[in-house]
Amino acid sequence: MANPETVQDFRPYISSEQAIPEFTPKAILLGVFFGILFGAATVYLALRAGLTVSASVPIAVLSIAVFKKIGRSTILENNIVQTIGSAGESVAAGTVFTVPALLFLTGGEHYFQYLQITILAIFGGVLGVLFMIPLRRALIVKEHGKLPYPEGTACADVLIAGEKGGNLAKTVFAGVGASLLYKFLYGVLGLWNETPIWFRTKKETVTYPAATLDVAVTPEYLGLGYIIGPRIASELFSGGLLAWMALIPLIAIFVPDSRVVADLHKLGFSDAWMANNSYANWIYRAYIRYIGAGAVACAGVMTLLKTLPTIVSAFRESVKSFGEGRAGGSVKRTEQDMGIGMVVIGSLAIVLVLAVLPGFPHGPFPGSLMMSLLIVVFGFFFVTVSSRIVGIIGTSSNPISGMTIATIMATCVVFVVIGWRGDIYQAVALCVGAIVCVAAANAGATSQDLKTGYLVGATPKLQQYGFLIGVVTSSFFIAITLFILDKTYKGANELHGIGGVQLPAPQATLMATIIKGLLAQNLPWAPVLVGVFLAFMAQLAGAHALSWAVGAYLPVSTTAPIWVGGMLKAFVDSWRRKKEGVAGEESELSSGMLYATGLVAGGSLGGVLIAFIAFFGDTVLHMEKPNLLEKLDLGSKLYPGLKNGLVSGGILSAVAFGVLCVLLLQKARKRLDA
């Protein structure tokens, strides 16, 4: 919808002179509901895959559908719903990428508490909104026609095409319904295994030891692969193949068992843990995760360096226009922002409270003001960078991980220089990185939504109030979801589910690795440096180093189904070119993309619901052995040999996953208005 005409020529869908319902109670309540819902789904998806998808378009579609069922609504009310809802998703992403790292830091688990996590999420999200407010005129208004803001523009298209909301919503709901049913059949009734093993060799195998290929046949991974497309999905899978089918067997050949066991003991793994995990997983935990950490860190820094001209330009232009946003003086409804006084006072209040808040990782006062200073400096810088970069490449490609890595590394260097090397400062460094990460993630979503509002004619001030409501309300449920998932997915002889096989939390474990390595000086540098140069290799070969590096860091069971989704997307694109003569890729408003979004949302929500069922059985019904999910497992009762057989179990899971793939292909090949 952006065009090369001047800003003065632009006319929003709803003019500034029109006064229609916008910030109404029903819009606020529905937005809060979607913020909590998609926030919980994002927590699950980020812990499992280390990736997230933008929620603005599906929330806009669902808002239109809901309001058509319960009564009429205006386009501006629907815009407020998606504004509040997407704030919940972005805050959850920034929180989950960083805060679980507290579990892996020395003394950090003491701060992995409900109140501390909620405060981090709220303060980071609010700072992201406040820092973005003075940048709105520079990035959204002055750069209209130059910065496309793809998700924001697509969301505006959805809202303006509200009369098609029924058909759009049916596609999303179909994906959600299929995904929830699929998840219920295997996650609750246990009709097939979630992660069958397709290929495995024992460590004693002489020719090719400890190789593993397993696939998590989940709807959220399939939909995620379809959304991100074949290239990135293939890069993710190639990293997983290198790790599990090449590096692990190679290490198993040349590194003796005694050395692997000794290195695991140094990292804190017990003999009981080793007894309950495969030899391939031993090597993964002892070496591959550090190779992946080095690769992701290097790729994140390279991504920042590649965007350095954009970063410098964005920061310079934004600072230059800071005063312009304050001096506008216009009374037009579509140009009203929250007052600059509220921005300054609110920001100062947050960073000062952080410096003195009891029970919070910040060190003794007044030295704790150093943490606040770092948050302000890095926070405003990366909020500016994030807000502009998403205008060019979109929210899904925003290098938040790279920004957070840079923040944490710079913070650790500052701490080392001034002599802060004690264990407590590990959590302090993580706190700085977490707040900056949440602020940058939320600022990216905020700028997309402000672009949507600019196109449809929303009131910026009301949107900004909506962001704050979405941040605060969703934050209260993020920690609850984290705790329930952590307890539910905890394996045998593991203290936490987060960081385990089911919830690897790749971004958070990476942050912990970097902090401990720089402050505690116990980082195993050899595998880390191997990862650094592998990332260079991937970049020189023309791959997106960050995508490849994340793939090497994740279990191959995660990247394999994502690759299947990417291949389905490639097939659909090829079919569209041959049959319909359509060039390019599907838009976010295509039937395939909307159905895939439904798969991601439904699968992620299904994972959270399964966790709640298990939590209910453990804490309310006090069921231990068998627990509630084991009681409901019909597959293990009716046909245990078929379900758990190495060959038959894989075939059964493949058939079920194949049905899901066929449904996605059928929906993707239909016209949206059919």
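Thresholds, definitions, all that
- Residues numbered from 1 in each chain as written.
- Predicted model: local features only at pLDDT ≥ 70, side-chain atom pairs only at ≥ 80, totals over all residues.
- Heavy atoms only, no water.
- Helix = DSSP H or I, 4+ residues; strand = E, 2+ residues; numbered from the N terminus.
- Expected span 1.5 Å × (residues − 1).
- Bend = angle between axes of the 7 residues up to and from the residue.
- Buried < 20%, exposed > 50% of the residue type's maximum accessible area, 1.4 Å probe, protein only.
- Contact = heavy atoms within 4.5 Å.
- Core = buried A, V, L, I, M, F, W, Y, C linked by side-chain atoms within 4.5 Å.
- Axes fitted to C-alpha atoms, helices over the stretch in contact; angles between N-to-C directions.
- Parallel < 35°, antiparallel > 145°, perpendicular 65-115°, else oblique.
- Left-handed = near helix turned anticlockwise from the far one by under 90°.
- Phe/Tyr/Trp six-rings, centres within 6.5 Å; stacked < 30°, edge-to-face > 60°.
- Lys NZ or Arg CZ within 6 Å of the ring centre and 35° of its normal.
- Salt bridge = Lys/Arg side-chain N within 4 Å of Asp/Glu carboxyl O.

Caption draft 1: Seen up close, helix 19 (residues 460–488). Over its 29 residues, helix 19 extends 41 Å from the first C-alpha to the last, a length consistent with the 42 Å expected when each residue adds 1.5 Å. Ser-475 marks the point of greatest bend in helix 19, at about 30°.

Caption draft 2: A look at unusual backbone geometry. Unusually for a residue other than glycine, Ala-210 sits at a positive phi of about 60°. Relative to the elements of secondary structure, Ala-210 occurs in the loop between strand 1 (197–200) and strand 2 (212–214).

Caption draft 3: Representation of the environment of Ala-601 in the model. Checked against the element boundaries, Ala-601 lands in helix 24 (residues 591–619). You can call Ala-601 buried: its relative accessible area is 10%. Ala-601 sits 377 residues away from Leu-224 along the chain, and the two C-alpha atoms are 9.7 Å apart. Contacts of Ala-601, omitting those with residues within four sequence positions, involve Phe-38, Ala-41 and Val-176.

Caption draft 4: Highlighting the nonpolar core. Leu-47, Ile-288 and Leu-430 are the most contacted members of the largest nonpolar core, which has 205 residues in total. In terms of residue count, the dominant contributor to this core is helix 18 (residues 424–456) (20 residues). If we skip the residues at most four places from it in the chain, Leu-47 touches Val-96, Pro-100, Leu-482, Leu-485, Ile-498, Leu-503, Pro-504, Ala-505 and Pro-506.

Caption draft 5: Layout of the packing of helix 23 (residues 556–579) against helix 28 (residues 648–668). In the contact formed by helix 23 and helix 28, the axes pass within 11 Å of each other and the chain directions differ by 30°. Relative to helix 28, helix 23 is oriented roughly parallel. Along this stretch, helix 23 crosses helix 28, giving a crossing that reads as right-handed. Mapping the contact onto sequence places Pro-561, Val-564, Leu-568, Phe-571 and Val-572 in helix 23 and Phe-657, Cys-661, Leu-664, Leu-665 and Ala-668 in helix 28.

Caption draft 6: Structural context of the packing of aromatic side chains. Following the criterion strictly, the structure yields 16 aromatic pairs and no others. Note on Phe-415 and Trp-420: the rings are 5.2 Å apart at their centroids and 50° apart in plane angle, and the pair reads as tilted. Classification of Phe-415 by relative accessible area gives buried; the value is 0%. Residue classification places Trp-420 among the buried positions, given a relative accessible area of 16%. Site record: aromatic cluster; members linked through ring pairs are Phe-33, Phe-34 and Phe-38. Across from the ring centre of Phe-67, 5.2 Å away, lies the NZ or CZ of Lys-26, which sits over that ring.

Caption draft 7: Broad picture of the pattern of salt bridges. All chains considered together, the criterion is met by nine salt bridges. Among the salt bridges present, the one from Arg-136 reaches Asp-337, with a minimum N-O distance of 2.7 Å. A residue pair is termed long-range when its members are at least 10 positions apart, and Arg-136 in helix 5 (residues 136–141) and Asp-337 in the loop between helix 14 (322–326) and helix 15 (340–356) qualify at 201 residues. By relative accessible area, which is 2% here, Arg-136 ends up buried. Judged by its relative accessible area of 21%, Asp-337 falls in the partly exposed class.

Any functional reading would require information that these geometric values do not contain.
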